[in-house]
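Fold and contact review
Here is what each chain is made of, one letter per residue.
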Amino acid sequence: IAPGPFHGEANVGLPHGGEPFVGVVDGSSTTAIDGDSAFQLLVDTVGDILRAQNDERDPFFVAVQVHTWIHGIVDLQGSRPSIPWPDTEALLDGLRMALDLEPR
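Description of the structure in this document. (Residues numbered from 1 in each chain as written. Predicted model: local features only at pLDDT ≥ 70, side-chain atom pairs only at ≥ 80, totals over all residues. Heavy atoms only, no water.)

Looking at the environment of Arg51
- Of note, Arg51 is situated in helix H1 (residues 35-52).
- At a separation of 2.6 Å, a polar atom in the side chain of Arg51 contacts the side chain of Asp48. (Helix = DSSP H or I, 4+ residues; strand = E, 2+ residues; numbered from the N terminus. Polar contact = N/O pair within 3.5 Å; in protein donor to acceptor, adjacent residues only side chain to side chain.)

Side note on the pattern of salt bridges
- In total, this model carries three salt bridges according to the counting rule given.
- With a shortest N-O distance of 2.8 Å, Arg57 and Asp55 are connected by a salt bridge.
- Arg57 sits in the partly exposed class, given a relative accessible area of 30%.
- Residue classification places Asp55 among the buried residues on the basis of a relative accessible area of 18%.
- A salt bridge links Asp93 to Arg96; the shortest N-O distance between them is 2.0 Å. (Salt bridge = Lys/Arg side-chain N within 4 Å of Asp/Glu carboxyl O. Buried < 20%, exposed > 50% of the residue type's maximum accessible area, 1.4 Å probe, protein only.)

With respect to a nonpolar patch on the surface
- Together, Leu76, Ile83 and Trp85 make up an exposed nonpolar region whose accessible area comes to about 250 Å².
- Classification of Leu76 as partly exposed rests on a relative accessible area of 41%. (Patch = residues over 30% accessible without salt bridge, like charges linked within 9 Å, V, L, I, M, F, W, Y side chains within 5 Å. Areas by Shrake-Rupley, 256 points an atom, 1.4 Å probe, with all protein chains shown as cover.)

A short note on the packing of aromatic side chains
- In total, this model carries one aromatic pair according to the counting rule given.
- Between the aromatic rings of Phe39 and Phe60, the centroid separation amounts to 5.7 Å while the plane-to-plane angle is 85 degrees, which identifies the pairing as edge-to-face. Here Phe60 lies in helix H2 (residues 59-79) and Phe39 lies in helix H1, a separation of 21 residues in the sequence.
- For Phe60, a relative accessible area of 47% translates into the label partly exposed. (Phe/Tyr/Trp six-rings, centres within 6.5 Å; stacked < 30°, edge-to-face > 60°.)

Here it is in structure tokens:
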């Protein structure tokens with residue numbers, strides 16, 4: 001996840017056992033968390049942003065929008081690498097703007 005309202009960066013992968021994980025990088029440490037915990041972290045982070053903005057949208061609904069948007073970017077770029085995709089950071093900036101998740 002790109003810098004901005006989200007804290008740190010995340011890397012998704014399939015480690016030794018084949019179970020998906022998200023490695024959340026904060027400063028100099030990395031913590032591996034499972035997919036359900038990672039999604040709850042996303043819901044919590046979106047909820048924090050919405051509350052700070054006095055936004056009454058449902059954090060779960062907005063987190064699902066963020067998740068599907070990012071999933072689409074990753075899936076399309078991975079399955080069609082020959083397409084000249086816009087810069088990933090620019091795509092994530094567009095997500096923040098479109099969903100009004102910009103810090104204020």
